[in-house]
Amino acid sequence: MTSLDKIVSLAKRRGFIYPGSEIYGGLSGTWDYGPLGVELKNNIKREFWKSMVYSREDVVGLDAAILMNPKVWEASGHVAAFADPLVECKFCHSRLRADQNEEIKAHEESHKGKKVEWTDPKQFNLLVEAKLGVVEEAKQKVYLRGEITQGVHVNFKNVLDSSRMQIPFGIAQIGKAFRNEITPGNFTFRSREFEQMELQYYVNPKDASRWYEYWKEERMKWYLALGMTKTKMRFRQHEENERAHYARDAWDIEYDSPFGWKEFEGIHNRGDWDLSQHQKESGQDMAYFDQQKQEKFLPYIIETSGGVDRAVLFFLANAYHEEKDRLILKLHPKLAPHKVAVFPLLANKPELVKKAEEIYSQLSTFNPQLNPAWDDRGNIGKRYYSQDEIGTPSCITVDFQTLDENTVTIRDRDTAKQERVKVDDLTKAVDIK
Ligand code: ATP
């Protein structure tokens, strides 16, 4: 089994990620997050929001609609230029992306010895179309947003007018995006429906390069602080012919994944592309007036655009550890679906179960985000292994000594060491802020 297969299998077996609409044979490029997956995903999004919005005075949040007036996508250039080069295999009519060398090579090898011929590359637009309205003939063609970004830029003036923000400032957003990807694959890495977490930071054009460097470093620090291994993370600058139509400069944060170095997050200098396009096409003035300097300008935008699903996948891959006799997900405690598990030593001793239930409810009342797990099946060793596999940092066992001394054992996921702690000190011992 390759390491990606192992992650896919763990994700399915333990309820992190399932194939979308599986009982009907699935739908390519869609995935459903199970009971543990939704917790991991929400924890990632919560940490993003904490670091971007709650801990900064210069950033506010926004949640724009997925469906937008189609003129937005014409103005932003997506109708004309949001495309990948598509080629078709002349033997089997499989369609692939011409710029994905590994996939092209693998496909050619699958035709064992035959010389594969490809059609000339055609530009294939990635926007997903939908129809809106109740009268069949009058239905309006709309697009499911291909990036969450535009919902922020069309609200630039609304945010300025309704808040006290002054440049430089940013708008953060998390939400779903949709792309008709030619070759979805590598598990959730390339999906057709996925979630993005972004910051659009508006600056005076003169300060753009300074802010660009600042945000590159900040985003890398964020991933490292949540436990990504430093040697598996790097920056890569886009070649000129690789850059998206809006980008003046583009660097990716890449991760050394089970299928090679891959894009995790893009940091782009979008210049004044978006605001000038929306100004031109909507006829609304998008300029900013700096009161102090008595200067009017179209701000430049520094964007940090990460994928939530890629974060789930890469945090899982990075946390996956096999030891001699156990599998551990060494997730950062802030990301772990359960921060703590509570076990009564024996399920058939009501006094132990009662005490364990009390501790469970004490912990979840104290901080609901601890999301304690409960297990009273099988022996303690099996319960530990089961929690190790899903990344629970601490396991608390209530035993007979608990009833005498009001102490419990806490067992640490990574070292497997146990220590005895007073029940009164428990919240301090397992709390995660
Ligand atoms: P790629 O080159 O892999 O197609 P991209 O450069 O088109 O990605 P961006 O448009 O910069 O990606 O999107 C920003 C982020 O959104 C990416 O870094 C990634 O984390 C996420 N993302 C983009 N496309 C997908 C997808 N199809 N599935 C999952 N996440 C995606």
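Up top is the structure these notes are about.
All figures in this text were calculated on a predicted structure; none of them were measured in a lab.

K.L.:
Looking at this structure, how should I read the sheet that holds strand E4 (residues 83–88)?
P.N.:
Pairing within the open sheet is antiparallel, and its three strands lie in the order E5-E4-E6. Edge strands, defined here as strands with exactly one partner in the open sheet, are strand E5 (95–97) and strand E6 (122–125). Averaged over all adjacent pairs, the angle separating strand axes in this sheet is 50 degrees, with direction ignored. The sheet contact formed by E4 and E5 spans three bridges and is antiparallel.

K.L.:
Even after reading the chapter, I still don't get the packing of helix H2 (residues 35–54) against helix H8 (residues 208–225), so can you show me in this structure?
P.N.:
Any two packed helices are characterised by the angle at which their axes cross and by the distance between the axes. Contact geometry of H2 with H8 gives a least axis separation of 12 Å together with a crossing angle of 140 degrees. Considering the angle they form, H2 stands oblique to H8. Of the two possible hands of crossing, H2 and H8 adopt the one that is right-handed. Along its contact with H2, which presents Ile44, Glu47, Phe48, Ser51 and Met52, the element H8 presents Trp215, Arg219 and Trp222. Looking at side-chain class alone, the contact of H2 with H8 contains five nonpolar, one polar and two charged residues.

K.L.:
How should I be thinking about a nonpolar patch on the surface in this particular structure?
P.N.:
The grouping of Leu346, Phe400 and Leu403 at the surface amounts to a nonpolar patch, some 240 Å² of accessible area in total. Under the relative-accessibility criterion, Leu403 is labelled partly exposed at 38%.

K.L.:
Any chance you could explain the pattern of salt bridges here in plain terms?
P.N.:
A side chain with one charge can pair with a side chain of the opposite charge if their charged atoms come near. Taken as a whole and judged by the stated rule, the model has 38 salt bridges. Residues Asp252 and Arg236 are paired through a salt bridge, measuring 3.8 Å at the closest nitrogen-oxygen approach. Within this pair, whereas Asp252 is found in strand E12 (residues 249–257), its partner Arg236 is found in strand E11 (residues 233–237), the two being separated by 16 residues in sequence. The class for Asp252 is buried, based on a relative accessible area of 1%. Among the residues examined, Arg236 registers a relative accessible area of 26% and is labelled partly exposed. One salt bridge in this structure joins Arg420 and Asp399, with 2.9 Å as the shortest N-O distance. You can see Arg420 sitting in strand E23 (residues 418–422) and its partner Asp399 sitting in the loop between strand E21 (394–398) and helix H13 (400–405), a full 21 residues away along the chain.

K.L.:
For this particular structure, what's the right way to read the packing of H2 against helix H10 (residues 308–319)?
P.N.:
Here H2 crosses H10 at 110 degrees, and the two axes come no closer than 10 Å. Between H2 and H10, the crossing angle belongs to the class labelled roughly perpendicular. For H2 against H10, the interelement crossing comes out right-handed. Between H2, through Leu40, Lys41, Ile44 and Lys45, and H10, the contact on the second element is made entirely by Val308, Asp309, Ala311, Val312, Phe315 and Leu316. Within the contact of H2 with H10, the residues separate by chemical class into seven nonpolar, no polar and three charged.

Rules behind the numbers
- Residues numbered from 1 in each chain as written.
- Predicted model: local features only at pLDDT ≥ 70, side-chain atom pairs only at ≥ 80, totals over all residues.
- Heavy atoms only, no water.
- Pairing = 2+ DSSP bridges.
- Helix = DSSP H or I, 4+ residues; strand = E, 2+ residues; numbered from the N terminus.
- Axes fitted to C-alpha atoms, helices over the stretch in contact; angles between N-to-C directions.
- Parallel < 35°, antiparallel > 145°, perpendicular 65-115°, else oblique.
- Left-handed = near helix turned anticlockwise from the far one by under 90°.
- Contact = heavy atoms within 4.5 Å.
- Nonpolar A, V, L, I, M, F, W, Y, C, P; charged D, E, K, R; others polar.
- Patch = residues over 30% accessible without salt bridge, like charges linked within 9 Å, V, L, I, M, F, W, Y side chains within 5 Å.
- Areas by Shrake-Rupley, 256 points an atom, 1.4 Å probe, with all protein chains shown as cover.
- Salt bridge = Lys/Arg side-chain N within 4 Å of Asp/Glu carboxyl O.
- Buried < 20%, exposed > 50% of the residue type's maximum accessible area, 1.4 Å probe, protein only.

Shape descriptors only; they carry no functional weight alone.
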